[in-house]
Amino acid sequence: MPIQENSSGPVLRSTTILAVRHKGKTAVAGDGQVTMESSIIKHGAKKVRRIYNDKIIVGIAGATADAMTLSEKLESKLERYNGNLTRAAVELARDWRTDKFLRRLEALMIAVDEKSMYLISGNGDVIEPDTGILSIGSGSTGARAAATALVNHSDLDAAAIVKESMLIASSICVYTNSEITLEEL
């Protein structure tokens, strides 16, 4: 996904985040590439991290400042609702959609804990997948397709599926690289 210009300059838009729940484990990975216009400006960015006492993993596709703001907002909601990811995700999505400042943030977020997996957007969406596979970003279609095939036709665990799927996505999407950050619950 190419960058777009806005009043403050170029906007970074490229990443791939993949989450898979399989065989009782959940793994989330993100690539490390940051692209501005036609140049790669960073290879090892960390787009996936643990929050709320390492009990929640989040991966965010979007501008860095927006991603950090959303991660901090989700963590504050988790504190407020005693780690209840469902409630925190719904409240974050509601605020994101209605708050004048947050409404301007351009990103998508995946948040997982041991029981739940959500895609959260600024449109007010809180989506839990039927299949236990979620992806966002420029390479998300390739990553999700690879993960679906590996879940259905291999004996790999969640972490191995996510890693292999991200490598496949990186071989297809020019905005995704193979410098992968992977977290597992």
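Residues numbered from 1 in each chain as written. Predicted model: local features only at pLDDT ≥ 70, side-chain atom pairs only at ≥ 80, totals over all residues. Heavy atoms only, no water.

Helix length check: helix α2 (residues 85-98), at 14 residues, gives a terminal C-alpha distance of 20 Å against a target of 20 Å (1.5 Å per residue), a fit within 8%. Of all the residues in α2, the buried ones are L85, A88, A89, E91, L92, A93, D95 and W96. In this fold, the buried residues of α2 make contact with β8 (56-62), α1 (64-80), β9 (107-112), β10 (117-121) and β11 (126-127). Sitting at the amino-terminal end of α2 is N84, which places a side-chain oxygen 3.1 Å from the backbone nitrogen of T86. (Helix = DSSP H or I, 4+ residues; strand = E, 2+ residues; numbered from the N terminus. Expected span 1.5 Å × (residues − 1). Buried < 20%, exposed > 50% of the residue type's maximum accessible area, 1.4 Å probe, protein only. Contact = heavy atoms within 4.5 Å. Polar contact = N/O pair within 3.5 Å; in protein donor to acceptor, adjacent residues only side chain to side chain.)

As a further point, take the environment of I120. Mapped onto the elements, I120 comes out in strand β10. Residues within four places of I120 in sequence aside, it is in contact with A89, L92, A93, W96, L108, M109, A111 and D125.

As a further point, take the side chain of T181. Residue placement: T181 occurs in strand β13 (residues 181-184). Leave out the neighbours within four places in its chain, and T181 touches V28, A29, G30, A45, K46 and V48.

Right, let's talk about the pairing of β8 for a bit. With respect to burial, β8 is a largely interior element, six of its seven residues being buried. The sheet contact formed by strand β7 (residues 48-51) and β8 spans four bridges and is antiparallel. The residue bridging V48 from the neighbouring strand is G59, located in β8. Adjacent in sequence and paired antiparallel, β7 and β8 are bridged by four residues, among which Y52 carries a positive phi angle near 45°. Direction of pairing for β8 relative to β9: antiparallel, over a ladder of six bridges. The partner of V58 across the bridge, within β9, is A111. (Pairing = 2+ DSSP bridges.)

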